[in-house]
Amino acid sequence: MSARLDGLKVFVRTFGCQMNENDSEHIVGVLAAAGAAPAGGPEDADIVIVNTCAVRQKSEEKLYSYLGRLARLRRKRPFLIGVAGCVAQVRGADLAARVPAVDLVIGPDNYLDLPEIIGRAAEAPVVRTDFGRDWREIGPEATARVTPASAFIPVMEGCDNFCAYCIVPYSRGREKFRPLGNVLAEVRSAVAAGGVEVQLLGQNVNSYRDPGSGLGLAGLLEAVAAVPGVEWIRFITSHPKNFGDDIIRVMAACPKICPALHLPVQSGSSRVLARMNRGYDREAYLALVGRLRRAVPDLLLMTDIIVGFPGETEEDFEATCGLLREVGYAGVFSFRYSPRPLTAAAAGPDDVPLEVKRRRLIALQSLQRSLQTGLLRSFVGRELRVLGSGPSPRGGGRFAGRTAGNLVVNFEAPADPSGRFVTVRVGGSGPYSLHGRAVG
Ligand code: SAH
Ligand code: SF4
Ligand code: F3S
């Protein structure tokens with residue numbers, strides 16, 4: 001008999017990537033199955049869980065400032081404070097020692113045990129950061145989806161790549177794969193709950209292998225596409241060094257697979273890529289982009305860039321800017337390098353001065369802004385299929401949604417199109433989104 005939390009209210013605050021957003025859906029679902037109810041915010045919660053990201057120094061700092069806020073709130077009213085996710089995993093017991101307000105520290109492989117751990121944390125602080133070697137199934141019934149029309153479905157977790165700057169292999173452990181049958185069961189249940197889009201998640205989805213049959217990502221995509229009711233399929237994140245031609249062929253052949261890819265390049269300089277241990281050089285990356293575009297002509301690409309990796313020269317940085325011009329990304333997430341514990345790069349000097357990192361980041365972002373403004377302008381006048389997500393955060397009574405290519409569209413429509421497909425005539429564009437009006 002598992003622990004019960006009847007009558008308790010829980011609030012989960014999420015930082016980090018889609019995997020963390022999906023994990024938060026699991027956390028809420030597991031706690032709801034134990035009887036807990038959702039709280040509107042930390043103010044009316046009995047338990048607050050912060051699901052954390054460790055990928056950059058800034059990501060981790062967000063946790064500490066949020067914990068400061070929670071500790072102040074708790075002077076007025078008692079509640080339990082839990083830290084989950086990647087900072088919990090890498091900092092473990094040190095975190096509980098450093099921040100006395102924290103009652104429980106729980107790593108990503110332990111969420112099924114949350115009800116029991118919460119019960120014990122009411123007595124004394126608990127730290128649980130065991131790593132499972134095998135996939136730990138959290139069934140669809142214990143997943144409280146925030147966006148039912150667009151379901152996150154984890155297919156693998158962890159990473160074996162050890163890029164020199166990256167903490168993820170330590171916060172998520174080695175690669176482990178979810179059995180195909182379980183993935184498909186969750187896809188079916190997501191469709192039954194109104195899902196039309198599925199986003200297959202993993203730190204490195206391209207290395208997916210079904211533990212039973214050895215089937216890879218290409219086969220997984222075909223199997224998911226065969227589930228009735230699935231309209232759009234995305235998969236994130238792809239590693240450029242694991243992008244086999246079999247995956248490209250399936251993308252070209254299957255219209256349900258969205259013509260959009262997140263394909264992190266990190267740098268346009270082969271010298272820096274080698275020192276980052278990325279496993280490809282500039283030429284191999286550009287050749288891959290060429291193969292993808294020949295197979296999927298309307299493909300839109302997004303990427304991640306790190307500026308100021310140790311030893312990055314002005315010439316290396318220029319090579320990155322040149323690569324952005326050459327590829328023409330629809331979006332770029334760019335970051336200043338920050339050393340992370342346990343990583344190979346953190347053992348050496350962080351030798352690009354902060355002012356230089358800042359200047360390079362600003363230059364790169366303004367270049368990308370102008371490139372992307374030009375790309376988005378080319379969509380004006382077209383009619384695009386859009387999956388509605390709800391009222392536009394920009395307000396004005398408009399709605400928001402995304403295209404198959406993953407472009408954000410703000411549009412006028414006669415009725416709320418949340419979770420439905422609408423055709424939008426694009427009337428204008430900006431650097432980050434399109435706008436228009438629903439037609440038909
Ligand atoms: N699994 C994904 C990336 C996960 S981390 C992949 O393989 O690409 C998300 C992004 O954070 C990375 O792509 C990288 O651009 C950035 N990042 C990771 N470690 C970083 C560090 N130490 N400093 C700055 N940016 C970092
Ligand atoms: Fe980190 Fe590299 Fe693994 Fe991506 S592939 S999660 S950047 S180690
Ligand atoms: Fe951050 Fe962990 Fe995701 S470090 S990017 S939340 S896998």
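None of these values were measured; they are calculated from a predicted model.

Cut-off values and rules
- Residues numbered from 1 in each chain as written.
- Chains lettered and ligands numbered in written order.
- Predicted model: local features only at pLDDT ≥ 70, side-chain atom pairs only at ≥ 80, totals over all residues.
- Heavy atoms only, no water.
- Phe/Tyr/Trp six-rings, centres within 6.5 Å; stacked < 30°, edge-to-face > 60°.
- Buried < 20%, exposed > 50% of the residue type's maximum accessible area, 1.4 Å probe, protein only.
- Helix = DSSP H or I, 4+ residues; strand = E, 2+ residues; numbered from the N terminus.
- Lys NZ or Arg CZ within 6 Å of the ring centre and 35° of its normal.
- Polar contact = N/O pair within 3.5 Å; in protein donor to acceptor, adjacent residues only side chain to side chain.
- Axes fitted to C-alpha atoms, helices over the stretch in contact; angles between N-to-C directions.
- Parallel < 35°, antiparallel > 145°, perpendicular 65-115°, else oblique.
- Left-handed = near helix turned anticlockwise from the far one by under 90°.
- Contact = heavy atoms within 4.5 Å.
- Core = buried A, V, L, I, M, F, W, Y, C linked by side-chain atoms within 4.5 Å.
- Domains from an automatic or database assignment.
- Near = heavy atom within 4 Å.
- Nonpolar A, V, L, I, M, F, W, Y, C, P; charged D, E, K, R; others polar.
- Patch = residues over 30% accessible without salt bridge, like charges linked within 9 Å, V, L, I, M, F, W, Y side chains within 5 Å.
- Areas by Shrake-Rupley, 256 points an atom, 1.4 Å probe, with all protein chains shown as cover.
- Salt bridge = Lys/Arg side-chain N within 4 Å of Asp/Glu carboxyl O.
- Lys, Arg positive; Asp, Glu negative; His and termini not counted.
- Charge placed at Lys NZ, Arg CZ, Asp CG, Glu CD.
- Pairing = 2+ DSSP bridges.

**Q** Explanation requested: the packing of aromatic side chains in the structure shown.
**A** Between two aromatic rings, the relevant description is the distance of the centres plus the angle of the planes. Under the criterion given, the structure shown has seven aromatic pairs. Relative to Tyr170, the ring of Phe162 lies with its centre 5.6 Å away and its plane at 70°, an arrangement referred to as edge-to-face. Using a relative accessible area of 27% as the deciding quantity, one classes Tyr170 as partly exposed. Seen in terms of ring centroids, Trp232 and Phe421 are 4.9 Å apart; in terms of plane orientation they differ by 70°. Their pairing is edge-to-face. With Trp232 in strand E11 (residues 232-236) and Phe421 in strand E18 (residues 421-429), the pair connects residues that are 189 residues apart, well separated along the chain. An aromatic cluster is defined as three or more aromatic residues linked by ring pairs; in this entry it consists of Tyr165, Phe309 and Tyr337. Between Arg385 and the ring centre of Phe421, over which it is positioned, the NZ or CZ distance is 3.9 Å.

**Q** Help me understand the side chain of Gln199, please; the structure alone is not making it clear to me.
**A** By secondary structure assignment, the location of Gln199 is in strand E10 (residues 197-201). A polar side-chain atom of Gln199 sits 3.2 Å from a polar atom in the side chain of Ser150.

**Q** I would appreciate a short explanation of the packing of helix H8 (residues 245-253) against helix H10 (residues 282-295) in the present structure.
**A** Two quantities define a packed helix pair, namely the angle between the axes and the distance from one axis to the other. Relative to each other, H8 and H10 sit at 25°, their axes nearing to 9 Å. Taken together, H8 and H10 sit at an angle that is classed as roughly parallel. Read as a crossing pair, H8 and H10 show a hand that is right-handed. Along the contact surface, H8 presents Asp245, Ile248, Met251 and Ala252, while H10 presents Leu288, Arg291, Leu292 and Ala295.

**Q** Teacher, can you tell me more about the nonpolar core here?
**A** Looking at soluble globular proteins, one finds that nonpolar side chains tend to be buried together. Core analysis: the largest hydrophobic core is formed by 68 residues, its most contacted members being Leu200, Val224, Phe235 and Phe243. By residue number, the principal contributor to this core is helix H7 (residues 217-225), which donates seven residues. Both of domain 2 (147-256) and domain 3 (259-377) provide at least three residues apiece to this core. Other than its neighbours up to four places away in sequence, Phe243 contacts Asn206, Phe235, Ser238, Ile248, Met251, Leu261, Leu263, Leu288 and Leu292. Membership of the second largest hydrophobic core comes to 28 residues, among which are Phe15, Ala45, Val50 and Val87.

**Q** Honestly, the site of ligand 3 in this entry has me stumped. Any pointers?
**A** In the vicinity of ligand 3, the contacting residues are Cys17, Asn20, Thr52, Cys53, Ala54, Val55, Cys86, Arg172 and Gln203. Here the residues of the shell around ligand 3 are counted per class, giving five nonpolar, three polar and one charged.

**Q** Explain a positive patch on the surface here, please?
**A** A cluster of like positive charges, contributed by Arg13, Lys58, Lys62 and Arg358, occupies part of the molecular surface. For Lys62, the location among the structural elements is in helix H2 (residues 57-74). For Lys62, a relative accessible area of 47% gives the class partly exposed.

**Q** Is there a simple way to think about the sheet that holds E11 in this case?
**A** Pairing is parallel across the open sheet formed by three strands, whose spatial order is E7-E10-E11. Edge positions in the open sheet fall to strand E7 (150-154) and E11, since each of these has one partner strand only. In this sheet, neighbouring strand axes are inclined to one another by 20° on average, regardless of whether the strands run parallel or antiparallel. Pairing geometry for E7 and E10, over five bridges, is parallel. Note on E10: the bridge partner recorded for Ile153 is Leu200. Here helix H1 (residues 18-33) sits on the sheet in contact with E7, E10 and E11, set at roughly 95° to E7.

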